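# Residue-level structural notes
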Amino acid sequence: MTAREIAAQVRSGERSAREIVDEHLVSIELLEPEIHACNLILVEEARAQADAVDAARARGDELGPLAGVPIALKDNLCTHHVPTTCSSRILADWRPPYDATVVTKLREAGAVFVAKTNLDEFAMGSSTENSAFGPTHNPWDVTRVPGGSSGGSAAAVAAGYAPLALGSDTGGSIRQPAALCGVVGVKPTYGRVSRYGLVAFASSLDQIGPFASDVEDAALLLETMWGHDPCDSTSIDSTPEPIRPALLDGVEGLRVGIIDELAGPDGFQPEVLAALDRATTVLEAAGAKVDHVGVPSAAYGLSAYYLIAPAEASSNLARYDGVRYGLRVPADGVAEMNAATRDVGFGAEVKRRIMLGTYALSAGYYDAYYGQAQRVRTLIIRDFERAYEQFDVLLSPTSPTTAFPLGAKAGDPLAMYLSDVCTIPTNLAGAPAMSIPAGLDAEGLPIGIQVLAPVLGEAVMFRAAAALERGLEFTARPKLLEAR
Ligand code: GLN
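The paragraphs below set out a description of the structure included in this document. Per chain, the residues get numbers from 1 upward, laid out in the order the sequence is written. With the structure being a predicted model, the display of local features is reserved for residues of pLDDT at least 70 and the display and counting of side-chain atom pairs for 80 or more, all residues being used for whole-chain, interface and lining totals. Just so you know, side-chain values use all the structure's heavy atoms and leave hydrogens and water out.

### Regarding the packing of helix α7 (residues 215–225) against helix α15 (residues 458–472)
- Think of each axis as a best-fit line through the C-alpha atoms, taken over the contacting stretch in the case of a helix, with angles from 0 to 180 degrees between the N-to-C directions. By the criteria applied, helices consist of DSSP H or I runs no shorter than four residues and strands consist of E runs no shorter than two, each listed in order from the N terminus. At a minimum axis separation of 9 Å, α7 and α15 run at an interaxial angle of 160°. The orientation of α7 relative to α15 falls into the category roughly antiparallel. Contact residues: Val215, Ala218, Ala219 and Leu222 in α7; Glu458, Phe462, Ala465, Ala466 and Glu469 in α15.
- For this scheme, ten residues count as nonpolar: Ala, Val, Leu, Ile, Met, Phe, Trp, Tyr, Cys and Pro. Four count as charged, namely Asp, Glu, Lys and Arg, and the remainder, Gly too, count as polar. In terms of residue class, the contact of α7 with α15 is built from seven nonpolar, no polar and two charged. Roughly parallel means an angle under 35 degrees; roughly antiparallel means over 145; roughly perpendicular covers 65 to 115; every other angle is labelled oblique. In what follows, residue pairs with any heavy atoms lying within 4.5 Å of each other are defined as contacts.

As structure tokens, this is what we get:
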């Protein structure tokens, strides 16, 4: 069921919020041993929130747009007094003293938080295997990864734990798991959604966004949580143009560019490229003008990202010192305690990023690595600007492949980093992009297509995605759910 349907049922009194949340909690309990999408299931909290919605309705109060709708939250979003671990040992048992702005907004909208979801530690990864609490399994095939880093949120929506979830996307962490789990995932324009209360990975790239089972639900969730926030100095100080009124306007005359650099043949699964062709056909049939476009510097996005993101991470993660948050490993002397805590508290990938970032920022290397990466970032911004002089939206695969087997890339960081080749350039440009399901490969695994738009172009991006969704008619569901 969609979030819209649930909200309508609760509003009309057809079903209570309590009934709905209990139904979802049963699904979670049933499937969680196989999927492990959650770090924490919020049974009591969710029931209390649902009861509050039902009580508000009984009093005749105005209900929020998401009243009674279950939502799963990535476990790097601060929740007041509720553990927020980032799937790291270093934050185990840490309870934030405040809610993230998005959490506050969803509370006010009447949403019901059912779980904190698993992720790659501090959102660093593409498979959710870097979690200190063990990997999440893909609901379409539990021997495969769900993608990452928001793998828990993507799997939660795919498995029906909740119709909606929140993730964060620094280099693809919403879109890539959305693609691998057959759901919709959106990375908004940088600054559109407040980052206040999102545990920082790479602050110039991080952005919170929605997961949903269809485009309209994703729009509903995004519209509920975006907008200016004085608590985030990078938050855009303007009122966003609403998405949903134009969702059904179609794509007649829309100029769509296929990004040559992000469409194989090297490293791209042929079925993924075939899905891109199908998407092209659908848009053309709906009246769009589709052509190829070059974004030459996009090919260097990955290299620039893996200097910029670790550089920012090495600075952001300096705060985990055994004094201020979570874990402390005692040792003689403060520096020894800091070192022992970080040694035990961080996993291998986080340590790799901190070392990479510290090196890239160090005296003598700063200009050659960090400085050079920033110059590439500028080129990418300009290349996209040039592409958008000719096109309204751009199109590419979301991920070069469908879900790979658990363990397949865990020992090979470079192979893992390559999963993000299509998603990273948009983060560097600060622009929005979203993934929608476009079919299944021969093994029955979902394929995602990415729609990209210029900065603040959410409305046109969603309009194109909605047209694609109507034409592609993706209705498959994981077998795991059909058996039930
Ligand atoms: N997979 C990419 C990384 O490991 C992106 C992660 C993200 O978007 N948080 O950095």
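Back to the text.
### Examining the site of the ligand
- Near the ligand, the surroundings consist of 15 residues, among which Gly171, Ser173, Tyr305, Arg353 and Asp420 are the closest.
- Arg353 places a side-chain nitrogen or oxygen 2.7 Å from an oxygen atom of the ligand.
- Polar contacts, as used here, are pairs of N or O atoms within 3.5 Å; protein pairs need one atom able to donate a hydrogen and one able to accept it. Residues neighboring in sequence count only if both atoms are side-chain atoms. Within the side chain of Asp420, one N or O atom sits 2.6 Å away from a nitrogen atom of the ligand.
- For the ligand, whose accessible area on its own is 290 Å², the fraction buried by protein is 100%.
- A 1.4 Å probe that fits into a set of points on a 1 Å grid over the protein atoms alone but cannot get out defines a cavity; an open set with protein on both sides within 12 Å along at least five of seven lines defines a pocket, and lining residues are those with an atom within 4 Å of a point. Grid points define the cavity or pocket, and a molecule sits in it when more than half of its atoms lie within 2 Å of them. Here the ligand is seated within the largest cavity. Here a residue is near a molecule or strand as soon as one of its heavy atoms is found within 4 Å of it. Only the protein chains shown count as covering a residue, and every accessible area follows the Shrake-Rupley method with a 1.4 Å probe.

### Focus on the layout of surface pockets
- When its volume is computed, the largest pocket comes out at roughly 740 Å³.
- Listing elements by their share of the lining of the largest pocket, those giving two or more residues are α2 (17–35), α5 (151–158), β10 (433–440) and α15.
- Broken down by element, the residue count for the lining of the largest pocket peaks at three residues, all from α2.
- Grid points are joined across faces, edges and corners, and a volume is the space filled by probe spheres set on the points. Taken as a whole, the second largest pocket holds about 260 Å³ of empty space.
- Around the second largest pocket, the lining comprises 18 residues; the ones closest to its centre are Asp266, Gly267, Phe268, Pro400 and Val421.
- Of the residues belonging to the lining of the second largest pocket, the class tally is ten nonpolar, five polar and three charged.

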